[in-house]
Amino acid sequence: MKSSSHTLERIAESKLPTPFAEFRVTVFRAVDGKEHVVVALGELAGEPPLVRIHSECLTGDALFSLRCDCGAQLRSALQKIAGEGRGAVLYLRQEGRGIGLGNKIRAYELQDHGADTVEANHQLGFPADAREYGLAVELLRQLGLCHIRLMTNNPRKLDALKKDGIEIVERVPIESGRNPHNEKYLDAKAAKLGHLFTPH
């Protein structure tokens, strides 16, 4: 059951029935103890599959927060994969664009007082986006994937994967969940982080 590489150990796998399809869920443990998840459907070998690299967002994914579009993007990704019958979501444990849950809520408080999402991170002493994608690359390699169709709006994610040898044969936009509570957040991501959103 267990397989290991330089930084990840595969520790568990099971069926995962969802409202969209019955996926299989696999847990990998990194050397820092964090457990990352792959939710996959169908046979991934062959034509480049649809893939979403999704960073953990407790508030959006589990608590239905409208301050971001994370939960909506996760649901949309699972639905798209279910519709195609194959693909994978890589769920990385890097909450709050890499700054952690507590600091993310501190950033929210700064946003309550007028800062945008990038300004709030900077005021706390963090970069606008502290996420790393080396683990995603290693997960893809463990899955035998070097050519993928990536669901993302984030050019930094595209660049990071390409630099590590992953060929993105298609960027699939994933836009969902815009609402009055997150418009400023999404606009800041587009203006300051270069996210590729359709103009509104």
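Residues numbered from 1 in each chain as written. Predicted model: local features only at pLDDT ≥ 70, side-chain atom pairs only at ≥ 80, totals over all residues. Heavy atoms only, no water.

Undergrad: In this structure, what is going on with helix α6 (residues 134-142)? I would like to understand it.
TA: Each full turn of the α-helix corresponds to 3.6 residues, which orients residues three or four apart in the same direction. Taken residue by residue, α6 has Ala-136, Val-137, Glu-138, Leu-139 and Leu-140 as its buried positions. Trailing α6 by a residue or two, Gly-144 shows a phi angle of about 80 degrees, which is positive. (Buried < 20%, exposed > 50% of the residue type's maximum accessible area, 1.4 Å probe, protein only. Helix = DSSP H or I, 4+ residues; strand = E, 2+ residues; numbered from the N terminus.)

Undergrad: What should I look at first to understand the packing of aromatic side chains in this one?
TA: Given two aromatic rings, their pairing is described by the distance between the two centres and the angle made by the two planes. Under the defined criterion, the tally for this structure stands at zero aromatic pairs. Against the face of Tyr-108 rests Arg-67, its NZ or CZ located 4.3 Å from the ring centre. (Phe/Tyr/Trp six-rings, centres within 6.5 Å; stacked < 30°, edge-to-face > 60°. Lys NZ or Arg CZ within 6 Å of the ring centre and 35° of its normal.)

Undergrad: It is not clear to me how the confidence of the model for the protein chain should be interpreted in this structure. Could you clarify?
TA: A low pLDDT means the predicted coordinates there should not be read in detail. Mean pLDDT over the protein chain stands at 89; residues scoring 70 or higher make up 92%. The low-confidence segment residues 1-5, where pLDDT is below 50, has 14 contacts with residues more than four positions distant or belonging to other chains. (pLDDT = per-residue confidence, 0-100. Contact = heavy atoms within 4.5 Å.)

Undergrad: Explain unusual backbone geometry here, please?
TA: In terms of backbone geometry, most residues other than glycine have negative phi values and most peptide bonds are trans. Positioned with a positive phi, Phe-64 is a non-glycine residue whose angle comes to about 65 degrees. Summarising the element assignment, Phe-64 is placed in the loop between α1 (58-62) and α2 (70-84). Although it is not a glycine, Arg-97 adopts a positive phi angle of roughly 50 degrees. Here Arg-97 is to be found in helix α3 (residues 95-98). Relative accessible area serves as the criterion here: at 12%, Arg-97 is assigned to the buried category.

Undergrad: What is the right way to look at the side chain of Gln-111 in this model?
TA: Inspection of the secondary structure assignment puts Gln-111 in helix α4 (residues 101-112). In contact with Gln-111, not counting residues within four places along its chain, are Arg-67, Asp-116, Thr-117 and Ala-120.

Undergrad: Looking at this structure, how should I read the environment of Val-118?
TA: Assignment of secondary structure puts Val-118 in helix α5 (residues 117-123). The class of Val-118 is buried, set by a relative accessible area of 5%.

Undergrad: In this structure, what is going on with the pairing of strand β2 (residues 8-17)? I would like to understand it.
TA: Look at any regular strand and the pattern is simple: side chains alternate between the two faces of the sheet. Two strands pair when backbone bridges link them, and β2 and strand β3 (residues 22-30) are joined in this way by nine bridges, in the antiparallel orientation. Directly across from Ala-12, in β3, lies its bridge partner Val-27. In textbook terms, the turn of a hairpin is the stretch between consecutive antiparallel strands, and for β2 and β3 this stretch comprises four residues. (Pairing = 2+ DSSP bridges.)

Undergrad: Is there a simple way to explain the pairing of strand β5 (residues 50-55) in this structure?
TA: Among the six residues in β5, six count as buried, and that is most of the element. Where β5 lies against strand β7 (residues 147-151), two bridges are found, and the strand directions are parallel. Paired with Val-51 across the two strands is Leu-150, which belongs to β7.

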